[in-house]
There are 4 protein chains.
Amino acid sequence: MKKDVKKVVLAYSGGLDTSIILKWLQDEYKCEVVTFTADIGQGDELEAAKAKALSLGIKPENIFVEDLKEEFVRNYVFPMFRANAIYEGEYLLGTSIARPLIAKRQAQIAKQTGADGVSHGATGKGNDQVRFELGYYSQNPDLVVIAPWREWDLNSREKLLAYAKANGIDISTKPGKSPYSMDANLLHISYEGLVLEDPANAPENDMWRWVVSPKEAPNESEIIKITYEKGDPVEINGKRLTPAEILTELNRLGAKHGIGRLDIVENRFVGMKSRGCYETPGGTIMLKAHRAIESITLDKGAAHLKDELMPRYAELIYNGFWFSPEREMLQAAIDKTQEHVNGVVELELYKGNVIILGRKSENDSLFDEAFSTFEEDSVYDQTDAKGFIKLNALRFIIAGKNGRKF
Amino acid sequence: MKKDVKKVVLAYSGGLDTSIILKWLQDEYKCEVVTFTADIGQGDELEAAKAKALSLGIKPENIFVEDLKEEFVRNYVFPMFRANAIYEGEYLLGTSIARPLIAKRQAQIAKQTGADGVSHGATGKGNDQVRFELGYYSQNPDLVVIAPWREWDLNSREKLLAYAKANGIDISTKPGKSPYSMDANLLHISYEGLVLEDPANAPENDMWRWVVSPKEAPNESEIIKITYEKGDPVEINGKRLTPAEILTELNRLGAKHGIGRLDIVENRFVGMKSRGCYETPGGTIMLKAHRAIESITLDKGAAHLKDELMPRYAELIYNGFWFSPEREMLQAAIDKTQEHVNGVVELELYKGNVIILGRKSENDSLFDEAFSTFEEDSVYDQTDAKGFIKLNALRFIIAGKNGRKF
Amino acid sequence: MKKDVKKVVLAYSGGLDTSIILKWLQDEYKCEVVTFTADIGQGDELEAAKAKALSLGIKPENIFVEDLKEEFVRNYVFPMFRANAIYEGEYLLGTSIARPLIAKRQAQIAKQTGADGVSHGATGKGNDQVRFELGYYSQNPDLVVIAPWREWDLNSREKLLAYAKANGIDISTKPGKSPYSMDANLLHISYEGLVLEDPANAPENDMWRWVVSPKEAPNESEIIKITYEKGDPVEINGKRLTPAEILTELNRLGAKHGIGRLDIVENRFVGMKSRGCYETPGGTIMLKAHRAIESITLDKGAAHLKDELMPRYAELIYNGFWFSPEREMLQAAIDKTQEHVNGVVELELYKGNVIILGRKSENDSLFDEAFSTFEEDSVYDQTDAKGFIKLNALRFIIAGKNGRKF
Amino acid sequence: MKKDVKKVVLAYSGGLDTSIILKWLQDEYKCEVVTFTADIGQGDELEAAKAKALSLGIKPENIFVEDLKEEFVRNYVFPMFRANAIYEGEYLLGTSIARPLIAKRQAQIAKQTGADGVSHGATGKGNDQVRFELGYYSQNPDLVVIAPWREWDLNSREKLLAYAKANGIDISTKPGKSPYSMDANLLHISYEGLVLEDPANAPENDMWRWVVSPKEAPNESEIIKITYEKGDPVEINGKRLTPAEILTELNRLGAKHGIGRLDIVENRFVGMKSRGCYETPGGTIMLKAHRAIESITLDKGAAHLKDELMPRYAELIYNGFWFSPEREMLQAAIDKTQEHVNGVVELELYKGNVIILGRKSENDSLFDEAFSTFEEDSVYDQTDAKGFIKLNALRFIIAGKNGRKF
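As the structure is a computational prediction, the values presented were derived from the model and not from experiment. (Residues numbered from 1 in each chain as written. Chains lettered and ligands numbered in written order. Predicted model: local features only at pLDDT ≥ 70, side-chain atom pairs only at ≥ 80, totals over all residues. Heavy atoms only, no water.)

Any chance you could break down the relation of the copies chain C and chain D for me, citing the residues and the numbers?
Mapping chain C onto chain D calls for a rotation angle of 180° and an axial translation of 0.0 Å; the resulting RMSD is 0.0 Å. The relationship between the two copies is best expressed as a two-fold rotation axis. By C-alpha distance to the rotation axis, the residue of chain C lying nearest is C:Glu308, at 3.1 Å. Comparing interface residues between copies, 100% of those in chain C also sit at the interface in chain D, which points to an isologous, same-surface contact. (Least-squares fit on C-alpha atoms with pLDDT ≥ 70 in both. Contact = heavy atoms within 4.5 Å.)

Any details on the interface of chain B and chain A? Residues and values, ideally.
On the chain A side, the residues contacting the 101 residues of chain B number 101 residues. Here chain B meets chain A over a buried area of about 9,300 Å², counting both sides, of which 55% is carbon and sulfur. Counting the surface chain B buries against chain A, the share from its top three residues, B:Lys125, B:Lys273 and B:Phe406, is 8%. Here chain B and chain A share twelve salt bridges between them. Measuring nitrogen to oxygen at the nearest pair gives 3.5 Å for the salt bridge that ties B:Arg312 to A:Glu308. Our count for the contact surface shared by chain B and chain A stands at 38 residue pairs in polar contact (both at pLDDT 80 or more). (Buried area = accessible area lost by both parts, 1.4 Å probe. Salt bridge = Lys/Arg side-chain N within 4 Å of Asp/Glu carboxyl O. Polar contact = N/O pair within 3.5 Å; in protein donor to acceptor, adjacent residues only side chain to side chain.)

Before we move on, can you summarise the UniProt feature "domain: Arginosuccinate synthase-like N-terminal" (unreviewed entry) in chain A with the specific residues and values?
Following the UniProt record, one finds the feature "domain: Arginosuccinate synthase-like N-terminal" (unreviewed entry) at residues 7-169 of chain A. The span residues 7-169 of chain A shows a helical share of 48% and a strand share of 15%, and its end C-alpha atoms are spaced 21 Å apart. (UniProt positions renumbered as here; feature names shortened; annotations may be inferred. Helix = DSSP H or I, 4+ residues; strand = E, 2+ residues; numbered from the N terminus.)

Got a sec to walk through the domain arrangement of chain A? Specific residues and values, please.
Residue and element names in this part refer to chain A. Here chain A is partitioned into domain 1 (7-68 + 97-177) and domain 2 (182-298 + 341-360). A straight line from the C-alpha centre of domain 1 to that of domain 2 covers 29 Å. On the side of domain 2, eleven residues touch domain 1, which itself brings 13 residues to the contact. Taken over both partners, the interface formed by domain 1 and domain 2 buries close to 870 Å², and the fraction arising from carbon and sulfur atoms is 52%. (Domains from an automatic or database assignment.)

Go over the pairing of strand E7 (residues 189-192) of chain D, please, and point to the residues and values.
For a regular strand, side chains alternate in direction, first toward one face of the sheet and then toward the other. All names here are of chain D. Because side chains alternate across E7, one face comprises the buried residues Ile-189 and Tyr-191, and the other comprises Ser-190 and Glu-192, equally buried. What sits between strand E6 (residues 181-184) and E7 in their antiparallel hairpin is a turn of four residues. Bridge count for E7 against strand E12 (residues 273-279) is three bridges, and the pairing is antiparallel. Looking at the pairing, Tyr-191 lines up with Cys-277 of E12. (Buried < 20%, exposed > 50% of the residue type's maximum accessible area, 1.4 Å probe, protein only. Pairing = 2+ DSSP bridges.)

How would you summarise the pattern of salt bridges if you had to cite specific residues and measurements?
Within the structure shown, the criterion is met by 115 salt bridges over all chains. In this structure, C:Asp263 and C:Arg275 form a salt bridge, with 2.6 Å as the shortest nitrogen-oxygen distance. Residue C:Asp263 is located in strand E11 (residues 261-267), and its partner C:Arg275 is located in strand E12 (residues 273-279); the two are separated by twelve residues in the primary sequence. Across the pair D:Arg291 and D:Asp307 runs a salt bridge, and its minimum N-O distance is 2.9 Å. Highlighted residues: D:Arg291 in helix H9 (residues 281-297) and D:Asp307 in helix H10 (residues 300-319), separated in sequence by 16 residues. You can call D:Arg291 buried: its relative accessible area is 16%. Among the charged side chains, a network of salt bridges with common partners joins A:Arg99, A:Asp128, A:Arg131 and A:Asp183.

Just give me the short version of the side chain of B:Ser361, but keep the residues and values in it.
Residue and element names in this part refer to chain B. Inspection of the secondary structure assignment puts Ser-361 in the loop between strand E14 (353-360) and helix H12 (369-372). Residue classification places Ser-361 among the buried positions, given a relative accessible area of 10%. One polar contact links the side chain of Ser-361 to the main-chain carbonyl oxygen of Asn-342, over a distance of 2.6 Å.

Account for the sheet that holds strand E4 (residues 117-119) of chain C, with residues named and values stated.
All names here are of chain C. Spatial ordering of the open sheet is given by E3-E2-E1-E4-E5, a layout of five strands whose pairing is parallel. Taken across any chain shown, the strands that pair with only one partner, and hence form the sheet edges, are strand E3 (63-67) and strand E5 (144-146). Going from strand to strand, the sheet's axes swing by 20° on average, the running direction of each strand aside. Note that strand E1 (residues 7-11) and E4 share three bridges and pair parallel. Across the sheet, Val-8 pairs through a bridge with Gly-117, a residue of E4. (Axes fitted to C-alpha atoms, helices over the stretch in contact; angles between N-to-C directions.)

Outline helix H3 (residues 69-82) of chain D, listing residues and values.
Spacing of three or four residues puts side chains on the same side of an α-helix, whose turn is 3.6 residues. Residues and elements named next belong to chain D. Taking 1.5 Å per residue, 14 residues should reach 20 Å; H3 reaches 18 Å between its end C-alpha atoms and fits that length. Among the residues of H3, those classed as buried are Phe-72, Val-73, Tyr-76, Val-77, Phe-78, Pro-79, Met-80, Phe-81 and Arg-82. Buried residues along H3 sit against helix H4 (99-113), strand E9 (232-236), helix H8 (243-256), H9, H10 and helix H11 (325-336). The first or second residue beyond H3 is Asn-84, which carries a positive phi of 55°. (Expected span 1.5 Å × (residues − 1).)

Before we move on, can you summarise the packing of helix H3 (residues 69-82) of chain B against helix H8 (residues 243-256) of chain B with the specific residues and values?
Residues and elements named next belong to chain B. The interhelical angle for the contact between H3 and H8, taken along N-to-C directions, is 85°, at an axis separation of 7 Å. Classified by the interaxial angle, the pair formed by H3 and H8 is roughly perpendicular. On the side of H3, the interface is formed by Lys-69, Glu-70, Val-73, Arg-74, Val-77 and Phe-78, while H8 contributes Pro-243, Ala-244, Glu-245, Ile-246 and Leu-247. (Parallel < 35°, antiparallel > 145°, perpendicular 65-115°, else oblique.)

Okay, here's the thing in structure tokens:
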């Protein structure tokens with residue numbers, strides 16, 4: 001029944017679950033396993049993952065460990081933030097945006113190593129399985145996809161631990177390890193499970209790992225400046241940084257000031273509602289700052305169309321369709337608008353608040369004081385408004401004259 | 001050149017500007033003036049407006065003063081919040097939503113008093129002229145619409161004051177009167193002009209009249225419960241209130257805790273960008289709470305479609321198309337979804353933050369723990385996910401097999 | 001492995017395939033079978049289906065035969081045509097719209113007869129399985145759904161015939177039976193398979209069963225009048241007819257004049273492209289006529305919003321989401337606009353062409369000659385256009401003055 | 001009151017109306033007039049326009065006559081057809097798409113000749129004034145725009161003729177000149193006015209100038225092949241042609257076979273409904289052929305998104321917003337999808353019908369017979385459909401289990 005597969009590239013974190021998967025793949029599929037461990041800012045030690053893979057019998061040439069932080073932020077996070085993407089009015093898509101990159105690299109490593117299969121540690125109830133696998137299929141439709149959580153019978157914590165023990169996998173928990181189901185990368189941390197499974201319960205305060213509670217944030221606010229070029233942040237307080245450095249620094253600032261905690265019930269692509277808590281300190285600042293710089297540099301028609309397209313764009317990313325013609329279409333439309341999104345935003349960070357203090361654009365501002373002030377002026381003829389209104393109203397006037405009521 | 005008009009219903013605040021208009025209408029159009037002063041929660045004294053109208057020679061039977069707070073919140077504010085409406089990602093449409101109601105009542109009073117004209121005090125550069133006038137035309141296309149700011153030559157503060165003085169209108173400023181151009185109602189206060197005319201400048205702290213600075217908000221947070229029925233808030237902390245009472249109380253709570261300040265550059269319908277600052281304490285809480293109760297009671301398909309339609313809906317309201325077939329279409333779609341939006345949301349208010357602590361719905365929750373937990377279960381067959389993903393990926397698989405790259 | 005099921009309601013056509021399914025259900029599931037045969041205008045004899053069911057051992061009280069033509073047209077076809085629904089620019093959704101009704105009745109009969117299962121004859125590669133099953137689940141999530149084509153090993157024509165023969169099912173083909181895979185109802189006939197499987201091949205002329213070739217249609221055109229009330233056709237040539245009678249008569253007229261043949265490649269919900277040919281004579285006339293009556297009675301804002309929502313609405317129906325909150329939302333919006341869609345359309349039918357000759361509405365026309373003529377007039381002030389254009393251009397003017405190029 | 005302007009570039013057809021405008025500009029504005037006559041396929045003789053301009057005293061160096069047919073089709077018509085653009089379900093935007101090009105060239109000629117003004121012959125009630133002027137402002141916001149029809153008092157046919165006579169302009173009508181208000185270019189001819197002003201009246205058969213009546217079209221059909229590259233037609237019957245040649249040839253074919261007549265009531269941007277008749281023979285063929293080639297080469301996700309965006313795109317063009325950031329956004333999205341739209345479509349033309357006979361793409365077909373046939377296969381696992389349906393239904397299942405009804 002099992003598909004015949006010779007070599008499988010596993011998305012490997014070095015943790016207990018993917019170590020069990022590693023073993024299980026070897027046992028069940030009798031296949032060679034290639035581990036791929038990416039640093040996308042999750043904060044785990046890559047060397048530990050490497051050592052663990054070696055200790056589980058993976059050949060050195062089959063262990064891939066890579067720092068993808070810059071690629072992640074430059075080619076995934078930043079393009080997404082150009083769209084001001086928010087899922088269901090709240091969620092900044094921190095987990096969703098990381099999966100396509102990992103899937104793509106797995107497919108590339110499969111090609112490089114001659115592997116015919118790929119595997120991941122996402123469960124059969126969540127969104128991540130979809131995101132990984134749509135990624136795989138889009139990159140190489142001939143890959144055999146193995147999703148152990150949907151196949152095996154290790155469907156409880158007890159069975160998993162028993163399997164690990166029986167296979168010599170270290171099951172000791174690291175001190176301080178969170179009991180929640182978590183995902184982390186440079187954009188965010190997510191929490192699911194336990195007390196969160198009842199949406200009437202508030203999260204416990206010690207669940208949060210990154211962002212300080214607004215109540216415990218400094219009493220002094222902090223003012224920063226972010227410089228944008230073509231819709232992407234490139235400087236903080238005048239200092240030019242790489243994409244990953246930008247996000248790292250904004251995370252530090254946001255986390256310090258209690259910014260970016262979120263607690264929602266969301267609709268999974270696979271059909272059920274689920275409760276999640278998220279910390280997105282830098283992303284929360286970027287969303288606000290990007291809207292601010294757009295507010296003075298982006299044309300109204302483009303801005304409104306972007307807003308109308310955004311929910312669809314966010315849904316595509318959430319559902320795992322990053323590598324799809326329709327996401328690429330929308331990206332082409334969005335990127336077309338960002339050429340002039342250049343300038344500086346000044347913000348104040350204070351106990352969970354991101355407050356815009358000012359926005360300025362040397363060469364691309366469309367804000368023209370002459371047109372909006374209250375004094376008399378030569379550039380704008382107020383009587384134009386009469387005709388503008390009259391013709392906008394014309395269909396109501398005709399309808400009314402023909403007896404129609406609103 | 002002036003149109004012939006016998007009797008004009010003026011939207012009259014009792015302030016200096018509309019008092020000048022009152023006089024100017026009498027002088028220029030030689031017409032009878034009917035004043036209409038609505039209490040929509042702006043906080044002005046209605047009796048003063050009445051007295052002022054009398055003092056300017058308006059006949060008692062031509063003075064209309066009405067408390068529209070309940071109608072405003074029930075039929076305008078609440079329907080709009082069912083849509084989670086936000087203009088350009090930030091603005092809660094506080095001014096926009098009040099104009100149609102006033103325009104409609106003016107048209108009704110015109111009919112009642114046999115007036116053939118209507119007039120307002122909005123300038124020729126802003127959105128409000130459009131909102132008023134589209135409202136008038138939609139209600140009665142035969143009304144003569146007079147927009148003094150677009151017609152007269154009193155196009156500077158100096159000329160206005162001179163005209164007032166010459167016509168015996170009291171020009172003394174009330175102590176404490178704001179120097180900003182303001183609009184207020186039960187949903188919000190807005191500020192424009194002066195230092196705000198440069199979007200690089202932060203607003204002065206003493207500009208804000210309603211919401212305390214987060215920095216000066218209480219150190220103790222406050223926890224409240226809001227009960228929703230069919231998408232509208234009906235109780236606070238278990239106490240049933242009328243719509244206007246609900247909003248009044250949420251305003252009190254939000255204002256106390258530094259919630260609902262906003263500083264943006266927006267795109268006016270008439271074509272230029274303009275800077276505005278807003279205080280919407282109760283609305284900010286309502287938006288967050290409504291999304292929270294929807295998150296457990298609203299179907300995903302409906303929720304996503306609502307999100308996609310929302311920017312258009314918000315734009316219609318912003319532009320003044322409340323009384324339009326297309327706004328009514330969208331409202332029909334939105335209202336259709338709210339039948340099951342029933343339940344209670346618990347929130348914590350703290351220094352500018354609105355934090356969701358829990359959501360619960362006795363009879364309408366679609367959150368089903370059995371489907372989202374991590375343990376094995378009988379309701380959900382994880383192997384279904386394989387087929388779900390495979391067919392979602394099918395077009396990528398076929399494309400890939402035919403040589404197409406993503 | 002088979003689910004335990006006691007009584008199954010089968011969507012039964014009386015043809016070979018569903019007769020085999022009937023038998024197979026009895027054999028494999030050891031369950032009682034209830035047959036449901038609906039007349040939705042497919043042109044089969046219902047009595048024959050009844051006799052066949054009896055001959056296959058179904059108890060008389062388990063045989064349900066119903067004429068659903070009026071319900072089909074009134075509650076499914078007409079609401080859909082109010083939206084001017086077209087899938088992928090071409091397809092009038094003839095098959096898609098019939099499945100929800102059948103699924104709903106199956107669920108109701110299951111309740112009535114105490115059945116715990118439902119079954120259909122759609123294959124595992126097509127859209128109809130989805131439409132049936134989404135219908136079942138939406139009506140009763142506890143029903144066991146049996147899709148024999150996805151379960152059995154009768155996966156070739158030969159095996160099917162062998163099974164039928166072995167089980168005493170008559171496999172003689174009716175004279176004149178089409179070799180194509182067909183679906184028919186009062187709205188359309190569809191053809192798939194055989195020579196059509198290569199999209200480079202034109203269909204054979206003798207494939208078409210309903211609509212005469214334009215080349216063989218009468219040389220004399222025919223002029224008809226259709227009267228609309230609230231967006232639905234209610235009279236043809238002044239004669240009031242029921243919904244099914246309207247569609248029957250329009251089918252007769254269209255078929256006679258070579259109207260409504262279509263040959264397309266479409267995207268199935270399950271992910272592949274497929275070639276289909278369709279005959280929709282009455283529907284093709286209705287689409288054109290409905291647009292014509294809307295053109296004089298529907299407000300522009302509503303009309304444009306309808307057009308923007310239509311592709312989504314059509315996609316929902318195509319994909320099987322008739323019974324979904326989002327389809328109901330859109331229907332509410334669409335129906336809201338049809339109140340004034342009243343009047344008469346005159347059309348000429350000629351060799352495949354549907355030519356609009358005129359449209360008239362006694363009380364609901366928004367066409368006002370006074371506003372569109374070329375002569376001078378009092379209702380429209382041409383100078384209003386100057387202001388209208390100027391303010392629509394304002395953002396380009398400001399952008400241009402600030403150096404931006406288009 | 002008249003603006004001060006020294007030199008004006010007039011869009012000059014050589015006809016009576018624009019000749020009157022020419023004279024009127026000289027008289028009223030005392031300005032130098034530059035005439036610009038573009039050949040966009042309207043069929044007028046350019047030399048005659050040149051001679052007329054000379055005869056009215058225009059200096060030779062101020063007479064610009066240009067053949068823009070290739071630019072028109074390549075950069076305006078073809079990009080629009082990539083979108084399958086249709087306004088209000090029927091209109092192929094023949095007039096709308098020509099205006100931006102003319103406006104752009106006028107602005108360029110103004111720059112070249114040092115002119116400070118531009119002028120056109122569109123009336124104050126129609127769409128064309130908007131399209132011209134939005135074009136002017138987008139290209140150069142400092143141009144003075146003169147719209148004589150909105151300014152002068154020559155607001156009846158009689159006054160116009162009197163003015164012409166008084167100014168020595170030849171008012172003799174060309175034999176065979178249509179009495180309708182017409183616009184023509186390589187994409188279409190439009191008719192307005194006279195008997196058409198009542199939408200209940202059918203057009204007279206002798207109104208149509210281009211497309212033969214289906215009744216008078218040949219009894220023999222004609223089969224053609226169109227080759228597409230990146231979404232644009234490049235060959236007819238295997239012969240490579242330039243864009244304008246392609247459209248010219250398709251016009252000849254369509255006109256011969258009675259294809260592309262249209263009679264509609266449309267909603268003008270300026271607010272009223274208006275009746276128009278159109279002949280778009282080549283465009284009607286192109287729309288059908290483009291959809292056919294897309295049907296086998298375009299991904300479903302991209303195709304559906306295109307369809308959803310299309311009405312907005314068409315509205316933008318109709319309203320005159322060709323040169324706008326939002327049209328450019330949409331164009332970027334559309335063009336992104338056309339890379340693989342390569343192949344050949346075979347069509348039959350017969351008495352008003354455009355019948356697709358086949359579509360084929362050597363390298364870019366996504367139609368894969370293996371996936372859509374009825375026989376057993378290895379590429380598609382029918383049991384995948386079960387999971388696909390189950391998870392698509394999951395929200396209905398959960399809703400149903402929680403008591404919700406659809």
